Amino acid sequence: MNTRIKTTAELAAMRESGRMLATVLQAARKQTVAGMSTKDIALITASELQALGGKPAFLGYQGFPDVICISVNQEVVHGIPRADKIIKSGDIVSLDFGVTYQGMITDGAISMIVDKPREQRHTELVRATEASMYEGIAVLHDKVRTGDIGAAVQAVLESPKYGGKYGIVRDLVGHGVGHELHEDPNVPNYGRPNTGPWLSAGMTICIEPMATLGTERVYVAPDGWTIMTVDGSWAAHFEHTILITEAGSEIITEL
Ligand code: MG
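Residues numbered from 1 in each chain as written. Predicted model: local features only at pLDDT ≥ 70, side-chain atom pairs only at ≥ 80, totals over all residues. Heavy atoms only, no water.

1. Here we look at the overall build of the protein chain
- Each helix and strand counted, the protein chain has four helices and 17 strands in total.
- For the protein chain, whose C-alpha radius of gyration is 17 Å, the value lies close to the compact-globule estimate of 18 Å for 255 residues.
- Its C-alpha atoms give the protein chain principal-axis dimensions of roughly 45 × 45 × 30 Å.
- Across the 255 residues in the protein chain, those meeting the buried criterion constitute 57%.
- Long-range pairs, those at least 24 residues apart, make up 71% of the contacts in the protein chain with a sequence separation of at least 6. (Helix = DSSP H or I, 4+ residues; strand = E, 2+ residues; numbered from the N terminus. Rg over C-alpha atoms; globule rule 2.2 N^0.38 Å. Buried < 20%, exposed > 50% of the residue type's maximum accessible area, 1.4 Å probe, protein only. Contact = heavy atoms within 4.5 Å.)

2. Quick look at helix α3 (residues 120–138)
- Helix length check: α3, at 19 residues, gives a terminal C-alpha distance of 27 Å against a target of 27 Å (1.5 Å per residue), a fit within 8%.
- The set of residues buried in α3 consists of H122, T123, L125, V126, A128, T129, A131, S132, M133, G136 and I137. (Expected span 1.5 Å × (residues − 1).)

3. Some remarks on the coordination of the magnesium ion
- Taken together, D107 (OD), H175 (NE2), E208 (OE) and E239 (OE) make up the full set of protein donors to the magnesium ion, lying 2.1 to 2.3 Å away.
- Of note, the donors binding the magnesium ion are all from one chain and are spaced D-x67-H-x32-E-x30-E. Taken as a pair, E208 in the loop between β11 (204–207) and β12 (210–212) and E239 in the loop between β15 (235–237) and β16 (240–244) lie far apart in primary sequence, 31 residues in all.
- A residue is classified by how much of its surface remains accessible, and E208, at 6% relative accessible area, is buried.
- Note on E239: relative accessible area 2%, which makes it buried. (Donors = N, O, S within 2.8 Å, 3.2 Å for Na, K, Ca; no water.)

Geometry only, nothing functional implied.
Written out as structure tokens, the structure reads:
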């Protein structure tokens, strides 16, 4: 289903959903420390969201067994929270969360380095990935094309200013969002300007670059969910749900 132009009422629900999402991710970020398990973090996010009155959008989605995806180091996305997966100092932890409120869905993700970074390039990877998301957001306006967004994201991840060439995961992409978690069109993190489907003011999309310190190639772990880098290189992931407006955009999943 192609993402629809949202009504005023739908946007009001999405703004509330996005506010909950950002609040929960901020709380999870603050409370995540070395020694916790990824399941501990998931339990925090579940109870914070319940207190706010939202529903977890990922739980049960295509059979996903938890409320949040937590991916560590060489895990790129879709990690399943586990009581036996313990966070260590210097780990890159990516939290990907979705919220349903009044039938409307938002989707967002952050990566963080727990405690102190083990290597400077881990810090640079996280910074570059976040910056690439914001550059993708910066090109949004009425009648933007998905290739315009991809090109802007790719330019950051390949820029010497941000430390050089990162692996840009191509098997997973951004997407429309709102009534469903994943709506058309795809919004790749690479591309050429003035190519791809057109997007209009009133549509809501997710821009979500996934970058690695090595290869762009990934595989699905034996658990059937976790996406891992083929070469074991570490990865980062940032995501916002954004409303496209006439002149620009409005980020829905930030406080
Ligand atoms: Mg997404």
